[in-house]
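Architecture and fold: a report
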Amino acid sequence: MMKKQRINVSRRDFLIRNTTLGAGFSLGLYLPVASTAAFAADGVAAQTSATPEVNAWVVIEADDTVIIRIARSEMGQGTLTGLAQMVAEELECDWSKVTTEYPTPGENLARDKVWRSFATGGSQGIRGSHNYVRKGGAVARHMLIEAAAEEWNVPMAECSVASSVITHVPTGRTTTYGQVAALAAESFPPDFIELKDPKEWKLIGQPVKRLDTDDKLNGKQVFGADLQLPGMLNAAIKACPVFGGRLKSFDDARVNKMPGVRKVVAVEEDAVAVVADTWWQAKTALDALPISWDEGPNAKVSSASIEQMLDEGLTSRDNVFVGNQNGDVNKALTGAVKKVEATYRYPFQNHATMEPMNATALWTEDKCEVWCPTQNGEAALEAAAEASGLPISQCDVYKIHLGGGFGRRGTVQDFVNQAVAIAKQLPGRPVKLLWTREEDMAHGRYHPITKCKLVGGIDDEGNLTGLQVRISGQSILASLRPEWLAKNGADMVAFQGFLADGDHAISYSVPNLLVEHAMRNPPVPAGFWRGVNINQNAIYMECFIDELAHAAGKDPLEFRRKLMVKKPLSLAVLNAVAEKAGWGKPAAKGVYRGLAVVKTFASYVAACAEVSVDNSGKLKVHRIVAATDPGYAVNPQQIEAQVEGSFVYGLSALLYGECTIKDGAVEQTNFHDYPSMLIEEMPRVEVIVMPSGGFWGGIGEPTIAVAAPAVLNAIFAATGKRIRQLPLKGIDLRAA
């Protein structure tokens with residue numbers, strides 16, 4: 001149980017003087033702009049504060065406007081509002097006067113990383129920073145009260161605060177944060193600060209409206225693709241479509257005299273870009289540019305050759321790693337009364353963000369500045385420094401709200417590298433690089449492809465006695481961060497949902513268990529895709545558990561419950577969806593139900609789907625009941641929205657998401673052959689938010705994992721057909 005926390009506050013953390021930034025420095029709310037103010041977004045001027053910051057997290061204006069600094073990125077998931085709620089809770093400020101701004105990773109580096117992590121992924125936005133952002137608010141509150149007490153010459157203990165108003169209780173005298181902010185900025189932070197007990201929370205846990213909604217609705221919000229800077233040029237780019245291929249040559253003389261064209265440039269070793277006055281001029285010239293590619297060693301790679309690689313991994317002993325093991329699986333399976341085997345498959349998938357990759361860069365001999373939508377400001381800063389050839393202290397990145405991220409704009413910042421490489425060839429002019437959708441489809445960092453063979457043993461009473469799982473497929477870490485692999489070379493991220501304990505622990509107690517990963521890495525680059533490996537692993541586990549239940553002659557709910565006696569929080573969310581969905585009671589005529597449950601990103605989630613399949617095989621998902629226990633619920637309304645949104649993404653992947661490979665390149669090019677589900681296809685979603693307290697779990701990614709297996713299990717209930725590969729498009733779903 002989480003209670004009041006007494007936090008040691010070092011001066012290194014919170015004594016943030018103005019020697020680095022200068023008094024009154026404050027970043028723009030809508031669009032962070034260059035510190036030199038030489039360039040500003042069209043219609044959005046640089047905003048500065050006349051009041052010094054109280055601390056790194058809080059700036060308070062004389063009119064009591066509260067500016068809360070948010071280091072994590074906002075991409076539609078609501079993290080910006082949730083983090084602001086947490087600071088404001090401890091600050092005890094007037095929520096109606098709260099606004100936000102992004103600091104820059106360059107400032108963070110210069111100030112000894114006072115804002116900690118700028119990365120937004122792995123459902124870490126809230127759970128990875130809740131403690132220190134609340135501390136930031138609590139320290140600022142203390143300093144503001146101390147300033148008022150000093151001005152009144154009274155003890156701090158005699159003062160209280162609510163909604164930005166400080167009251168001297170014995171006399172009733174009041175002042176506001178805005179009136180004492182300048183004095184508070186000159187004071188020292190306390191050595192210790194006590195955070196509130198969750199029972200005392202007034203703002204955390206409330207479904208307050210998002211802080212960024214109005215600007216998105218009225219068009220005031222600037223996204224990377226919208227950005228306009230004075231004198232800005234525009235670039236369109238094309239990289240070798242074959243993975244691992246290189247640029248051989250191009251004939252710029254054919255396009256140099258086309259309207260608006262300023263320059264044709266080689267970008268790194270594998271791409272060419274056209275820079276023009278407008279983006280359409282750049283794209284038109286690029287389409288007309290004769291380009292010759294060296295397709296390299298992967299020109300013959302195909303989906304069929306990759307499939308052979310995966311099939312080999314299902315039985316081979318080479319490059320195989322154990323992720324979880326207990327008991328004696330071979331003995332259990334040998335002695336089983338009934339043995340069930342199945343092989344499942346999950347394809348490559350693209351992130352397909354609504355806003356394609358883009359970045360705007362300005363390079364001079366002594367400074368490099370980048371404006372971009374990024375999930376990881378620090379990674380973008382490193383990419384800018386690398387591409388610019390300048391020390392990182394002479395570079396900075398100004399974050400912009402993302403038009404979708406899903407992991408694509410996180411670890412890999414290739415679009416930043418490219419933008420800087422182009423801008424470096426046009427010194428002193430900002431250049432905006434915007435990918436086409438076709439480029440975005442051809443050069444993603446794809447959801448890894450895997451296959452999985454599962455073997456389960458059942459005794460004469462219908463109990464699961466042993467389970468063997470062999471995953472064959474790609475390693476994300478080997479593709480992106482090989483230094484994060486275990487000492488023996490294993491990618492433990494590949495075992496999400498199968499691990500013995502931790503944030504991604506298996507939801508069942510299996511007496512004899514062996515889970516292995518045969519690492520097979522095709523040349524298609526893998527990446528972190530919303531939910532990461534829990535997406536396929538939940539399908540493998542939850543659909544196979546359903547298979548085992550039917551083979552044992554057991555109700556799928558009861559079969560699961562028996563395996564979850566020692567997993568009370570997982571069992572609680574499963575029971576919640578079963579009860580709300582009416583499991584065990586007749587559904588509407590022709591409607592059938594399916595279940596799924598996982599623990600992932602430290603949260604416990606479950607779903608019950610209701611579907612129908614007509615005589616022609618047409619699938620209709622009518623309803624999904626979802627439950628989530630994230631420990632603490634900062635904003636229940638945002639949690640509901642995240643669950644609903646995750647189902648759009650998860651069901652789109654289930655229905656349509658597949659990237660196929662031919663001649664070393666992705667075949668899909670746009671939304672006509674890589675579609676998302678339509679509004680008319682979206683089921684009714686009912687969300688149960690049931691925080692049990694005591695831990696912090698993720699929100700943005702966990703529930704995506706239960707949508708597909710719940711629907712697949714419901715399809716089996718409706719048709720008697722077990723679907724073991726994705727996507728569903730092209731699969732005959734007519735009853736067996």
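The residue numbers shown here count from 1 along each chain, following its written sequence. Reporting in this predicted model follows two pLDDT cut-offs: at least 70 for local features of residues, and 80 or more for side-chain atom pairs to be given and counted; totals over whole chains, interfaces and linings ignore these cut-offs and use all residues. Water and hydrogen atoms were dropped before computing side-chain values, which therefore reflect all heavy atoms in the structure.

What to know about the overall build of the protein
Secondary structure elements follow DSSP: runs of H or I no shorter than four residues count as helices, runs of E no shorter than two count as strands, and numbering proceeds from the N terminus. Within the protein one finds 18 helices and 28 strands. What you see for the protein is a C-alpha radius of gyration of 27 Å, in line with the 27 Å of a compact globule of 736 residues. Reported as C-alpha extents along the three principal axes, the dimensions of the protein are approximately 80 × 80 × 50 Å. In the protein, buried positions account for 61% of the 736 residues. Residues are treated as being in contact if the distance between any of their heavy atoms lies within 4.5 Å. Counted over contacts in the protein with a minimum sequence separation of 6, partners at least 24 positions apart contribute 77%. Under the convention used here, a 1.4 Å probe and the Shrake-Rupley method define accessible areas, while residue burial counts only the protein chains that appear. Just so you have it, the protein exposes about 27900 Å², and 51% of that area is on carbon and sulfur atoms. Taken as two groups, the 75 positive and 82 negative side-chain charges of the protein have centres that lie 4 Å from each other. Radius of gyration here is computed from C-alpha atoms only, and the compact-globule reference equals 2.2 Å multiplied by the residue count raised to the power 0.38. Buried residues are those whose accessible area, probed at 1.4 Å on protein chains only, stays under 20% of the maximum for their type, while exposed residues exceed 50% and partly exposed ones sit between those limits. For the purpose of counting charges, residues Lys and Arg are taken to be positive, whereas Asp and Glu are taken to be negative. His and the chain ends are not included. Where a charge lies is defined by one atom per residue type: Lys uses NZ, Arg uses CZ, Asp uses CG and Glu uses CD.

So, helix α14 (residues 534-551)
Think of an α-helix as 3.6 residues a turn; residues three or four steps apart then line up on the same face. The terminal C-alpha atoms of α14 lie 25 Å apart, and with 18 residues this matches the ideal 26 Å at 1.5 Å per residue to within 8%. Across the 18 residues that make up α14, a large majority, 16, are buried. One less than the number of residues in a helix, times 1.5 Å, gives the span that helix is expected to have.

Points about the sheet that holds strand β15 (residues 338-346)
Taken in spatial order, the 5 strands line up as β14-β22-β21-β20-β15 in an open sheet, and their pairing is mixed. Whereas interior strands pair on both sides, the edge strands pair on one side only; in this sheet they are β14 (320-326) and β15. Recorded for the sheet is a direction-independent mean angle of 10° between the axes of neighbouring strands. Sheet analysis places β15 next to strand β20 (residues 450-458), joined by 9 bridges and oriented antiparallel. Paired with valine 340 across the strands is glycine 456, a residue of β20. Strand pairing requires that DSSP identify at least two bridges connecting the strands. Axis definition: a line fitted to C-alpha atoms, over the contacting stretch in the case of helices. Angles run 0 to 180 degrees between N-to-C directions.

Quick word on the nonpolar core
In these notes, a set of buried Ala, Val, Leu, Ile, Met, Phe, Trp, Tyr and Cys residues joined through side-chain atoms within 4.5 Å is what counts as a nonpolar core. Core analysis: the biggest nonpolar cluster contains 98 residues, and Ile539, Leu619, Phe647, Val711, Leu712 and Ile715 have the highest contact counts within it. Contact partners of leucine 619, with chain neighbours within four places excluded, come to Val611, Ser612, Val613, Leu655, Val711, Ile715, Leu728 and Leu733. Ranked by size, the runner-up nonpolar core spans 51 residues in total, among them Val66, Leu80, Ile145 and Trp201.

Notes on the environment of leucine 183
Within the secondary structure layout, leucine 183 lies in helix α5 (residues 177-185). In this structure leucine 183 comes out as partly exposed when scored by relative accessible area, which is 27%. When the C-alpha positions of leucine 183 and glutamate 150 are compared, they lie 9.3 Å apart, and in sequence the two are 33 residues distant. Residues in contact with leucine 183, not counting those within four places in the same chain, are Ala147, Glu150 and Glu151.

Some words on the pairing of strand β3 (residues 66-69)
Neither face of β3 is exposed, since Val66 and Ile68 on one face and Ile67 and Arg69 on the opposite face are all buried. Where strand β2 (residues 58-60) folds back on β3, the antiparallel hairpin that results is connected by 5 residues, among which aspartate 64 adopts a positive phi of roughly 75°. The pairing of β3 with strand β4 (residues 98-101) spans 4 bridges and is parallel. Pairing of isoleucine 68 across the sheet is with threonine 100, part of β4.

Observations regarding the packing of aromatic side chains
Only Phe, Tyr and Trp rings take part, Trp by its six-membered ring, and two of them pair if their centres are within 6.5 Å. Stacked means planes under 30 degrees apart, edge-to-face means over 60, and tilted covers everything else. Inspection of every chain in the model, using the stated rule, returns 11 aromatic pairs. With a centroid separation of 4.2 Å and 25° between ring planes, the pair formed by phenylalanine 406 and tyrosine 649 is classed as stacked. Placement of the pair is phenylalanine 406 in the loop between β18 (395-399) and α11 (414-423) and tyrosine 649 in helix α17 (residues 636-655), with a sequence separation of 243 residues. Judged by its relative accessible area of 24%, phenylalanine 406 is partly exposed. Taking 5.7 Å as the distance between ring centres and 80° as the angle between the ring planes, the aromatic pair formed by tyrosine 604 and phenylalanine 695 counts as edge-to-face.

As for the confidence of the model for the protein
Residues shown with low pLDDT carry predicted positions that ought not to be read at fine detail. Counting all residues, the mean pLDDT for the protein is 93, and 93% of those residues have values of 70 or more. Each residue carries a pLDDT value, the predictor's own confidence for that position, ranging from 0 to 100. A low-confidence stretch, residues 10-48 stays under pLDDT 50, and its non-local contacts, those more than four residues away or across chains, total 97 contacts.

Observations regarding the side chain of serine 603
Assignment of secondary structure puts serine 603 in strand β24 (residues 603-613). Judged by relative accessible area, serine 603 falls into the buried class, the value being 0%. Setting aside anything within four residues of it in sequence, one finds serine 603 in contact with Val598, Asp629, Pro630, Gly697, Gly698 and Pro702.

Comments concerning the packing of α14 against helix α18 (residues 704-719)
Packing of α14 against α18 leaves a shortest axis separation of 8 Å and a crossing angle of 30°. With respect to α18, the element α14 is oriented roughly parallel. At the point where α14 passes α18, the crossing takes the right-handed sense. Residues Ile534, Asn535, Ala538, Ile539, Glu542, Cys543, Asp546 and His550 of α14 form the contact with α18, whose participating residues are Ile704, Ala705, Ala708, Pro709, Leu712, Asn713 and Phe716. Each angle gets one of four labels, with under 35 degrees taken as roughly parallel, over 145 as roughly antiparallel, 65 to 115 as roughly perpendicular, and the rest as oblique. A clockwise turn of the near helix away from the far one marks a right-handed crossing, whereas an anticlockwise turn of less than a right angle marks a left-handed crossing.

Digging into the packing of α14 against helix α15 (residues 556-563)
Packing of α14 against α15 brings their axes to within 9 Å, and their N-to-C directions diverge by 105°. Here α14 is positioned roughly perpendicular relative to α15, judged by the angle of their axes. Together, Glu542, Ile545, Asp546, Leu548, Ala549 and His550 of α14 and Pro556, Phe559, Arg560 and Leu563 of α15 make up the contact between the two elements. Partitioned by chemical class, the residues of the contact of α14 with α15 number 6 nonpolar, 1 polar and 3 charged. Ten residues, namely Ala, Val, Leu, Ile, Met, Phe, Trp, Tyr, Cys and Pro, are considered nonpolar, four, namely Asp, Glu, Lys and Arg, are considered charged, and the remaining ones, Gly among them, are considered polar.

What to know about helix α7 (residues 279-288)
For α7, the full list of buried residues reads Trp279, Ala282, Lys283, Ala285 and Leu286. Buried residues in α7, looked at end-on, bunch into an arc of 165°, giving them a common side. Regarding the arc, it is the one traced by the directions from the helix axis to the C-beta atoms.

Observations regarding the pairing of strand β6 (residues 165-168)
Each regular strand shows side chains that alternate between the opposite faces of the sheet. The two faces of β6 differ: Ile166 and His168 on one face are buried, but Val165 and Thr167 on the other face are not. Sheet topology places strand β5 (residues 159-162) next to β6; 4 bridges connect them, and they run antiparallel. Counterpart to alanine 162 in the pairing with β6 is valine 165. Joining the antiparallel neighbours β5 and β6 is a turn of 2 residues, in which serine 163 adopts a positive phi near 50°. In this structure, β6 lies alongside strand β7 (residues 173-176), joined through 4 bridges in antiparallel fashion. Bridge pairing links histidine 168 to arginine 173 in β7. Where β6 folds back on β7, the antiparallel hairpin that results is connected by 4 residues, among which glycine 172 adopts a positive phi of roughly 80°.

Let's talk about the pattern of salt bridges
Close approach of charged atoms allows side chains with opposite charge to pair. Salt bridges are defined by distance alone: a side-chain nitrogen of Lys or Arg within 4 Å of a carboxyl oxygen of Asp or Glu. Under the criterion given, the structure shown has 38 salt bridges. Arginine 560 serves as the salt-bridge partner of glutamate 542, at 3.0 Å between the closest nitrogen and oxygen. Of this pair, glutamate 542 sits in helix α14 while arginine 560 is found in helix α15, placing the two residues 18 residues apart along the sequence. The two residues glutamate 542 and arginine 560 agree in class, both being buried. Between glutamate 547 and arginine 724 there is a salt bridge; the shortest N-O distance is 3.0 Å. Here arginine 724 lies in the segment after α18 and glutamate 547 lies in helix α14, a separation of 177 residues in the sequence. Note on glutamate 547: relative accessible area 9%, which makes it buried. Each of Lys580, Arg593, Glu610, Arg623, Arg684 and Glu686 takes part in one network of salt bridges that share partners.

So, the environment of threonine 600
Within the secondary structure, threonine 600 sits in strand β23 (residues 592-600). Classification of threonine 600 as buried rests on a relative accessible area of 0%. Along the backbone, threonine 600 and glycine 697 are 97 residues apart, and their C-alpha atoms lie at a distance of 8.3 Å. The contact partners of threonine 600, leaving out residues within four places of it in the chain, are Asp503, His504, Ile534 and Pro702.

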